[in-house]
Amino acid sequence: MQASPLLASDLSKQASPYLRAHADDAVKWRPFDLTAFAVAKKQDKPILLSSGYLSCYWCHRMAEDSFRQQAVGAAINDNFIPVLLDRELEPEVDAYLQEFMTQQRGFGGWPVTIILTPDAKPIAGFSYQTAKATLNTLDSFVKHWKQQRNAVETSAQGKANRLDASLSSQASTRPLTIQALLNNFLEQSQRIADNDFGGFGQTEKFPFIPQLATLLNLDRLKNNAQLRTFLQTTLQAMLGSGLRDHVGGGFFRYSDTREWSAPHFEQMLHTQALLAPLLLKAGKQWKTPTYTEAGREVLLGMITYFQRDDGLFRAGLSAVSSDGGAGGYYLWTEKELRKLLGEQFSAIYPLPLGSQSRYLPLIKVSGSSRLSIRQRLLNARESRHLKTDDKALLGWNGLALSALASGIELSPAIRKSGERLFEQLKPLLEKRELPRLIDASEAGSAQLADQAYLIQGLYDWARATQDESMLRKIPDSLVSLFQHYYRDGNWQAATDKPLVGQLRSPALVDNELPSPTGVWLDIANRILTNEPSGGVKFNSPEVAALQRAFDTVSQRLPDTLEDNAFFHGTTLTALLKHKLVKKSQQEAIK
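1. Considering empty space enclosed by the protein
Logical step 1: Taken as a whole, this structure holds three cavities of 30 Å³ or more when the rule is applied.
Logical step 2: Taken as a whole, the largest cavity spans an internal volume of roughly 50 Å³.
Logical step 3: Pro 506, Ala 507, Leu 521, Val 553 and Leu 557 are, among the 12 residues lining the largest cavity, the residues nearest its centre.
Logical step 4: Within the residue set of the lining of the largest cavity, elements represented by two or more residues are helix H19 (516–528) and helix H20 (540–554).
Logical step 5: Considering only residue class, the lining of the largest cavity consists of eight nonpolar, three polar and one charged.

2. Quick look at unusual backbone geometry
Logical step 1: Here Trp 110 and Pro 111 are connected by a cis peptide whose omega angle stands at 0 degrees.
Logical step 2: Here Pro 111 is to be found in the loop between helix H5 (91–105) and strand E4 (112–116).
Logical step 3: Phi is positive for Lys 287, which is not a glycine, with a value near 55 degrees.
Logical step 4: With respect to the secondary-structure elements, Lys 287 resides in the loop between helix H11 (269–286) and helix H12 (289–306).
Logical step 5: Classification of Lys 287 by relative accessible area gives exposed; the value is 72%.
Logical step 6: Notably, Asp 488 is not glycine yet its phi reads approximately 50 degrees, a positive angle.

3. Looking at the packing of aromatic side chains
To describe a pair of aromatic rings, one takes the distance between the centres and the angle between the planes.
Logical step 1: Tallied over the entire structure, the rule returns 24 aromatic pairs.
Logical step 2: Here the guanidinium or amino end of Arg 87 rests over the ring plane of Tyr 53, the centre of that ring lying 5.3 Å away.
Logical step 3: Just above the ring of Trp 332 sits the side chain of Arg 384; from NZ or CZ to the centre is 3.8 Å.

4. Some points on the sheet that holds strand E15 (residues 490–492)
Across a sheet, paired strands are connected by hydrogen bonds in the backbone, their directions being either parallel or antiparallel.
Logical step 1: Spatial strand order, E14-E15-E16: three strands in an open sheet with antiparallel pairing. With one partner strand each, in any of the chains shown, strand E14 (486–487) and strand E16 (504–505) form the two edges of the open sheet.
Logical step 2: Here two bridges tie E14 to E15, and the two strands are oriented antiparallel to one another. Each residue of the ladder has a partner; that of Tyr 486, found in E15, is Trp 491.

5. What to know about the layout of surface pockets
Logical step 1: In this structure, the second largest pocket occupies an estimated 1600 Å³ of space.
Logical step 2: If you go around the second largest pocket, you meet 44 residues; those closest to its centre are Asn 217, Lys 281, Asp 522, Arg 526 and Lys 577.
Logical step 3: For the lining of the second largest pocket, the secondary structure elements donating two or more residues are helix H9 (209–221), H11, helix H15 (394–406), helix H17 (448–465), H19 and helix H22 (569–589).
Logical step 4: Counted by class, the lining of the second largest pocket contains 21 nonpolar, 13 polar and 10 charged residues.

6. Quick notes on the pattern of salt bridges
Logical step 1: Within the structure shown, the criterion is met by 37 salt bridges.
Logical step 2: The partner of Arg 338 in a salt bridge is Glu 334, with the nearest N and O atoms 2.8 Å apart. Here Arg 338 pairs with Glu 334, and both are found in helix H13 (residues 334–341), just four residues apart, close to one helical turn.
Logical step 3: Note that Glu 423 is salt-bridged to Lys 426, the shortest N-O span being 3.5 Å.
Logical step 4: Residue class for Lys 426 comes out partly exposed when judged on its relative accessible area of 29%.
Logical step 5: Here the salt bridges do not stand alone but share partners, grouping Arg 87, Asp 94, Arg 253, Glu 266 and Glu 512 into one network.

7. With respect to the sheet that holds strand E8 (residues 267–268)
Logical step 1: Strands sit in the order E8-E9-E13 across an open sheet of three strands; the sheet is antiparallel. Every other strand in the sheet has two partners, leaving E8 and strand E13 (388–389) as the edge strands with one partner each.
Logical step 2: In the sheet, strand E9 (residues 316–317) pairs with E13 via two bridges, with the strands oriented antiparallel. The residue of E13 that forms the bridge with Leu 317 is Thr 388.

8. Thoughts on the confidence of the model for the protein
Logical step 1: Chain-level statistics for the protein give a pLDDT mean of 91 and a share of 93% at 70 or above.
Logical step 2: Long-range and interchain partners of residues 1–9, a stretch whose pLDDT sits below 50, account for 24 contacts in this model, where long-range means more than four residues apart.

9. Topic: the environment of Ala 120
Logical step 1: Among the secondary structure elements, Ala 120 is positioned in the loop between E4 and strand E5 (122–126).
Logical step 2: Judged by its relative accessible area of 14%, Ala 120 is buried.
Logical step 3: Sequence-distant contacts of Ala 120, that is, excluding residues within four places in its chain, are made with Phe 37, Ile 47 and Leu 499.

Definitions and limits used
Residues numbered from 1 in each chain as written. Predicted model: local features only at pLDDT ≥ 70, side-chain atom pairs only at ≥ 80, totals over all residues. Heavy atoms only, no water. 1 Å grid on protein atoms, 1.4 Å probe; cavity = no way out; pocket = protein on both sides within 12 Å on 5 of 7 lines; lining within 4 Å. Points joined across faces, edges and corners; volume = space filled by probe spheres on them. Helix = DSSP H or I, 4+ residues; strand = E, 2+ residues; numbered from the N terminus. Nonpolar A, V, L, I, M, F, W, Y, C, P; charged D, E, K, R; others polar. Buried < 20%, exposed > 50% of the residue type's maximum accessible area, 1.4 Å probe, protein only. Phe/Tyr/Trp six-rings, centres within 6.5 Å; stacked < 30°, edge-to-face > 60°. Lys NZ or Arg CZ within 6 Å of the ring centre and 35° of its normal. Pairing = 2+ DSSP bridges. Salt bridge = Lys/Arg side-chain N within 4 Å of Asp/Glu carboxyl O. pLDDT = per-residue confidence, 0-100. Contact = heavy atoms within 4.5 Å.

Laid out in structure tokens, this is it:
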């Protein structure tokens with residue numbers, strides 16, 4: 001039985017560009033919502049749940065090579081309830097899927113496709129596959145499901161139990177000192193640090209920006225030559241490698257190689273928004289202008305490529321080029337580079353990528369020579385088409401505002417960009433219900449992380465501009481967030497989400513983004529410890545309520561802070577700052 005092509009109207013009106021891009025798949029996708037799971041139960045069909053994002057090259061390839069093929073569409077439509085989600089609009093659900101894949105095969109990634117029982121227990125999953133491989137996977141599962149369903153369901157229940165246990169943690173029953181937690185963080189960081197090429201791990205390299213930010217904070221407090229050497233090795237490697245778009249100033253999401261030499265060409269807003277402040281802080285802390293200039297370049301590139309006409313920032317720049325390949329927007333032939341640069345060709349290193357003799361230009365010089373090369377290549381690149389994911393995510397825009405605040409004195413363009421974004425975000429703080437997608441409320445409600453990042457952005461910008469009116473609103477916003485998402489000693493990352501249910505934890509982890517609970521603690525601590533805020537005096541009742549909330553959260557630390565300290569750097573940094581400020585205040589009283 002041949003599946004008819006999915007009518008474009010089924011997904012073409014979705015707020016997510018990723019879902020819209022799948023409107024013509026042969027698979028009859030349903031958007032991720034409660035209805036899809038209810039249909040699976042009613043029809044007693046397994047669920048095939050696929051997660052990806054628009055800027056992802058292999059998500060694009062999976063659609064082309066599998067989901068748009070009629071045979072694959074027929075196999076999925078006949079035997080499953082197919083559900084598609086945009087990981088950037090459902091990060092809590094995607095984290096659940098990634099953890100399942102990590103438990104099953106040791107690593108995650110995108111696209112990810114999970115087969116679940118009709119009552120949403122995970123059975124198995126796979127990443128990119130050709131049509132033939134996908135058909136073999138589906139055929140094998142369908143036979144197994146029909147012949148041994150009870151065994152499959154028993155196994156799925158066990159996997160679901162292990163998954164729920166790994167994603168939930170309990171408050172510690174033993175005292176945990178900040179010093180012990182920080183020692184664990186350093187020990188775990190050193191264990192996986194790559195002292196030769198920087199970063200963490202020995203294979204593919206993600207920046208791990210929250211962890212680097214934690215180490216940079218510790219470098220300021222500790223006289224540890226090994227730590228500083230590692231940080232400088234890492235930042236220098238990232239700046240000089242293929243992880244960076246040397247022409248536009250931004251950074252790609254990650255590299256496939258230990259040496260940072262094989263970038264995945266998507267650029268994400270959150271990568272730029274987190275790396276820029278890190279570089280600027282390193283430049284200030286170490287009195288090294290190279291890092292300061294690199295941070296400034298990141299911010300200006302973020303403004304150029306990510307800021308929309310309305311002042312909001314888009315989510316990403318796609319890795320998929322106009323010819324359907326990966327990274328074509330950034331790559332050149334040697335002949336093209338020699339013709340464009342002439343004698344200046346010797347000032348670049350053409351990093352070979354792909355199998356078609358195309359190169360990513362890495363600029364080896366600084367100063368006016370670097371600017372000249374960048375401008376030549378930028379002018380030539382203007383004729384190329386760059387595919388973008390234009391959705392404006394609330395939380396990521398909050399991170400962008402924080403980043404702009406960190407560089408507000410570096411350029412009038414940065415200040416102007418921040419002012420435009422602030423005017424868009426400022427009214428949102430007054431709303432009772434916030435959308436995750438700023439200009440499309442139908443995409444779902446904002447959750448804990450979105451709102452924590454928004455509050456952080458508004459607070460950082462208000463401090464940088466001495467906006468007393470906005471600063472006075474922050475304590476109450478933090479208390480409201482605590483009241484809505486903190487229950488019985490646990491933070492709940494999201495509410496009313498299919499699949500993830502009511503998973504809670506005393507402290508949420510750092511991943512590519514900082515822990516929202518760590519961000520909450522950090523902002524609360526900065527207010528409670530009287531961080532300089534342009535002379536603003538917060539109202540006593542608001543501060544008292546915030547103090548009670550802070551004490552409640554900080555006194556219930558989970559065991560995972562000790563066992564998994566590497567993924568709790570943001571929380572540990574906030575707690576350490578609080579302890580140090582309180583200690584200095586007590587000593588001042590003496």
